[in-house]
Amino acid sequence: MDLKNYIREVQDFPKEGIGFKDITTLLNNGEVFKKTIDMCVENVSEFDFDVIVGPEARGFIVAAPMSYALSKSFVPIRKPGKLPSETVSIEYELEYGVDKLEIHKDAIKKGQKVLIADDLLATGGTVNAIVKLIESMGAEVVGMVFIMELSFLNARDLIGDYNIKSLIKY
Ligand SMILES: O=P(O)(O)OC[C@H]1O[C@H](OP(=O)(O)OP(=O)(O)O)[C@H](O)[C@@H]1O
Ligand SMILES: Nc1ncnc2[nH]cnc12
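- Identification of the chain as Adenine phosphoribosyltransferase from Helicovermis profundi is taken from an unreviewed UniProt entry.
- What UniProt records for the chain under Function (unreviewed entry) is the sentence "Catalyzes a salvage reaction resulting in the formation of AMP, that is energically less costly than de novo synthesis."

## So, the overall build of the chain
1) Next: Each helix and strand counted, the chain has five helices and nine strands in total.
2) Next: For the chain, the sequential pattern of α-helices and β-strands runs β-β-α-α-β-α-β-β-β-β-α-β-α-β.
3) Next: At 15 Å, the chain has a C-alpha radius of gyration in line with the 15 Å of a compact globule built from 170 residues.
4) Next: Per-residue burial for the chain yields a buried fraction of 44% across its 170 residues.
5) Next: Of the contacts formed within the chain by residues at least 6 apart in sequence, a portion of 56% connects residues at least 24 apart.
6) Next: On the chain, roughly 8,500 Å² of surface is accessible, and the fraction owed to carbon and sulfur atoms is 47%.
7) Next: Of the side chains in the chain, 20 bear a positive and 26 a negative charge, and the two mean positions are spaced by 3 Å.

## Points about the site of ligand 1
1) Next: Of all residues adjacent to ligand 1, which total 16 residues, the nearest are Asp118, Asp119, Thr123, Gly124 and Thr126.
2) Next: A distance of 2.5 Å is found between an oxygen atom of ligand 1 and a side-chain nitrogen or oxygen belonging to Asp118.
3) Next: In this structure, Asp119 approaches ligand 1 through a side-chain N or O atom, which is 2.6 Å from an oxygen atom.
4) Next: Burial of ligand 1 by the protein amounts to 88% of the accessible area it has alone, namely 500 Å².
5) Next: Only β7 (113-121) and α4 (125-136) provide two or more residues apiece to the shell around ligand 1.
6) Next: The element best represented in the shell around ligand 1 is β7, accounting for four residues.
7) Next: Class assignment of the residues belonging to the shell around ligand 1 gives a composition of six nonpolar, four polar and six charged.

## Topic: the pairing of β7
Each regular strand shows side chains that alternate between the opposite faces of the sheet.
1) Next: For β7, the tally of buried residues reaches eight of nine residues, placing the bulk of the element in the interior.
2) Next: Sheet topology note: the strand β3 (residues 51-55)/β7 ladder contains three bridges and is parallel. Across the sheet, the residue bridging to Ile52 is Leu115, located in β7.
3) Next: With eight bridges joining them, β7 and strand β8 (residues 140-149) adopt parallel strand pairing. By the bridge assignment for β8, Leu120 is matched with Met148.
4) Next: As for the winding sense of the linkage, the β-α-β connection from β7 through α4 to β8 is right-handed.

## Description of the pattern of salt bridges
1) Next: Considering all chains together, one arrives at nine salt bridges under this definition.
2) Next: Across the pair Lys34 and Asp38 runs a salt bridge whose closest N-O atoms are separated by 3.0 Å. Residue Lys34 and its partner Asp38 are both found in helix α2 (residues 30-43); the two are separated by four residues, about one turn of the helix.
3) Next: Looking at Lys34, the relative accessible area reads 52%, which means it is exposed.
4) Next: By relative accessible area, Asp38 is classed as partly exposed at 28%.
5) Next: The closest approach of N and O atoms between Glu56 and Arg78, which form a salt bridge, is 2.9 Å. In this pair, Glu56 sits in the loop between β3 and α3 (58-70) while Arg78 sits in the loop between β4 (73-77) and β5 (87-94), placing the two residues 22 residues apart along the sequence.

What counts as what
Residues numbered from 1 in each chain as written. Chains lettered and ligands numbered in written order. Predicted model: local features only at pLDDT ≥ 70, side-chain atom pairs only at ≥ 80, totals over all residues. Heavy atoms only, no water. UniProt positions renumbered as here; feature names shortened; annotations may be inferred. Helix = DSSP H or I, 4+ residues; strand = E, 2+ residues; numbered from the N terminus. Rg over C-alpha atoms; globule rule 2.2 N^0.38 Å. Buried < 20%, exposed > 50% of the residue type's maximum accessible area, 1.4 Å probe, protein only. Contact = heavy atoms within 4.5 Å. Areas by Shrake-Rupley, 256 points an atom, 1.4 Å probe, with all protein chains shown as cover. Lys, Arg positive; Asp, Glu negative; His and termini not counted. Charge placed at Lys NZ, Arg CZ, Asp CG, Glu CD. Near = heavy atom within 4 Å. Polar contact = N/O pair within 3.5 Å; in protein donor to acceptor, adjacent residues only side chain to side chain. Nonpolar A, V, L, I, M, F, W, Y, C, P; charged D, E, K, R; others polar. Pairing = 2+ DSSP bridges. Right-handed = clockwise from strand over helix to strand, strands pointing away. Salt bridge = Lys/Arg side-chain N within 4 Å of Asp/Glu carboxyl O.

Here it is, written out as structure tokens:
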């Protein structure tokens, strides 16, 4: 199954010059969505982790079903002002702007092993910020998994020496 056949590319969204990779067309096919999550799960079988974190919004679509399939904790990372208890936050750059992410301070314990899951690796700004958040809490990032990676944006150079898995590359 070539997942690329199910991902729609929308030109000049949300800004001119961006080729937006739209996964709604993949999600709209239940069989392909299930296979995609199964492949993410298979890709991380070598990693030992306690918790899966995923960033709002599209990261939830990947991280939560993986947590369900593996009976692992799911920890949401959210945009500012959404989490009700005490948070740790970090600012980061996107392919098309600047944003901020927050996590509950008590959601991850010191020494826990963490997997990060998201739909897409573009510049790596989001996941790089998440790594910093997790490590600032004394936890360890054992790996990360994405449905797709925009290789031409060289996120791996920014992220550095972590186990990075992506199902498809552009
Ligand atoms: O590697 P990067 O350049 O950081 O880009 C990747 C991030 O961008 C998208 O999320 P976005 O912030 O657009 O939010 P959304 O999930 O709410 O659409 C995507 O879901 C990743 O989280
Ligand atoms: N090109 C892109 N397509 C979809 N989501 C993105 N997030 C950051 N860059 C993106």
